[in-house]
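The lines below spell out each chain.
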Amino acid sequence: DTGVSQNPRHKITKRGQNVTFRCDPISEHNRLYWYRQTLGQGPEFLTYFQNEAQLEKSRLLSDRFSAERPKGSFSTLEIQRTEQGDSAMYLCASSLAATAYEQYFGPGTRLTVT
Amino acid sequence: AQKVTQAQTEISVVEKEDVTLDCVYETRDTTYYLFWYKQPPSGELVFLIRRNSFDEQNEISGRYSWNFQKSTSSFNFTITASQVVDSAVYFCALSGLNYGGATNKLIFGTGTLLAVQP
């Protein structure tokens, strides 16, 4: 296992369409995080899971956003009725939860809403 | 509230110069972790270092060194003898503890773009 993977790497969609992104964490990591990064800014936390349980959601995560991790392995992030303001890089990270471990990031999915 | 400030937006140096990237943080937690990540032009965030709030020893790893000062809430990063490959955006981040001691969400600063000229 070489690291966190994300698919697709790039997504262009029209306003109003739904999009779904996938994240595959490092296999032994039971924590999975989603962040969003806009140009010139640091990543902003969206939500995280420990195994299949979603433990925290940011106020940035509007009702149009939903995340799942059904079997405690991969996760999906869905955005419904996309808006131009949703254009950003969506980053996934994973870590161990047993003690204080660093988060390892995937390459991200760049979303462009036209 | 937790906050990380990286006041330097961009720094440009010539190869072999030393450079220090500043990071100031705010938190009410007594136990917390500080991190530095590197984001090269390819875009993937690369973990560099983690420090906990009880360990104020400076750390050196090759050309990289970190100076953690709790009294000034700072966690600065120095690159000695910079190289072109060091060109990237560097992020400082802060995390608290919950749920049995594991770090939770990272609070990032806005990053410092380091350009190392040959």
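As a starting point, this report considers the structure included with it.

Reading the values: rules and limits
Residues numbered from 1 in each chain as written. Chains lettered and ligands numbered in written order. Predicted model: local features only at pLDDT ≥ 70, side-chain atom pairs only at ≥ 80, totals over all residues. Heavy atoms only, no water. Pairing = 2+ DSSP bridges. Helix = DSSP H or I, 4+ residues; strand = E, 2+ residues; numbered from the N terminus. Axes fitted to C-alpha atoms, helices over the stretch in contact; angles between N-to-C directions. Buried < 20%, exposed > 50% of the residue type's maximum accessible area, 1.4 Å probe, protein only. Phe/Tyr/Trp six-rings, centres within 6.5 Å; stacked < 30°, edge-to-face > 60°. Lys NZ or Arg CZ within 6 Å of the ring centre and 35° of its normal. Disulfide = S-S within 2.5 Å. Salt bridge = Lys/Arg side-chain N within 4 Å of Asp/Glu carboxyl O.

## Quick look at the sheet that holds strand β3 (residues 19-24) of chain A
All names here are of chain A. Here we have 4 strands laid out as an open sheet, ordered β1-β3-β8-β7, and antiparallel in their pairing. Two strands bound the open sheet, and with one partner strand each, they are β1 (5-7) and β7 (65-68). Taking the axes of each pair of neighbouring strands and ignoring which way they run, one obtains an average angle of 15° across the sheet. Sheet topology places β7 next to strand β8 (residues 75-79); 4 bridges connect them, and they run antiparallel.

## Notes on the pairing of β7 of chain A
In regular strands, side chains alternate between the two faces of the sheet. Only one face of β7 of chain A is covered, namely the face carrying Phe65 and Ala67 of chain A; the face carrying Ser66 and Glu68 of chain A is uncovered. Hairpin remark: β7 of chain A followed by β8 of chain A, antiparallel, with 6 residues in the connecting loop; positive phi at glycine 72 of chain A, about 75°.

## Description of the packing of aromatic side chains
Geometrically, a pair of aromatic rings is defined through the distance of the ring centres and the angle of the planes. Throughout the structure, instances matching the rule amount to 22 aromatic pairs over all chains. Centre to centre, the rings of tyrosine 35 of chain A and phenylalanine 45 of chain A are 6.0 Å apart; their planes meet at 75°, and the pair counts as edge-to-face. Taken as a pair, tyrosine 35 of chain A in strand β4 (residues 31-37) and phenylalanine 45 of chain A in strand β5 (residues 44-50) lie far apart in primary sequence, 10 residues in all. Across the pair, exposure class does not vary: tyrosine 35 of chain A and phenylalanine 45 of chain A are buried alike. One aromatic cluster is present, formed by Tyr33, Tyr35, Phe45, Tyr48, Tyr104 and Phe105 of chain A together with Phe35, Tyr37, Phe47, Phe91 and Phe108 of chain B through successive ring pairs. One Lys or Arg, arginine 22 of chain A, reaches over the ring of phenylalanine 74 of chain A and ends 3.9 Å from the middle of that ring.

## With respect to the state of the cysteines
Residues and elements named next belong to chain A. For the structure on display, the rule yields 2 disulfides over all chains. Each sulfur of the disulfide joining cysteine 23 and cysteine 92 lies 1.8 Å from the other. Across the disulfide from cysteine 23 to cysteine 92, rotation about the S-S bond amounts to roughly -65°, and the bridge is consequently left-handed. Residue cysteine 23 is located in strand β3, and its partner cysteine 92 is located in strand β9 (residues 88-95); the two are separated by 69 residues in the primary sequence.

## Examining the pattern of salt bridges
Applying the stated criterion to the full structure yields 8 salt bridges over all chains. The salt bridge involving arginine 64 of chain A is made with glutamate 83 of chain A; its shortest N-O contact spans 3.4 Å. In this pair, arginine 64 of chain A sits in the loop between β6 (53-57) and β7 while glutamate 83 of chain A sits in the loop between β8 and β9, placing the two residues 19 residues apart along the sequence. Residues arginine 51 of chain B and glutamate 59 of chain B are paired through a salt bridge, measuring 2.5 Å at the closest nitrogen-oxygen approach.

## A few points about the pairing of β9 of chain A
All names here are of chain A. The buried fraction of β9 amounts to 8 of the 8 residues, a majority that puts the element mostly inside the structure. Along β9, one buried face is formed by Ala88, Tyr90, Cys92 and Ser94 and the opposite face, lined by Met89, Leu91, Ala93 and Ser95, is buried too. With 7 bridges joining them, β4 and β9 adopt antiparallel strand pairing. Each residue of the ladder has a partner; that of arginine 31, found in β9, is serine 95. Sheet topology places β9 next to strand β11 (residues 109-113); 3 bridges connect them, and they run antiparallel. Bridging from a neighbouring strand, tyrosine 90 pairs with threonine 109 of β11. Strand direction decides the pairing type here: β9 and strand β10 (residues 104-105), joined by 2 bridges, are antiparallel. Bridging across to β10, alanine 93 finds its partner in phenylalanine 105.

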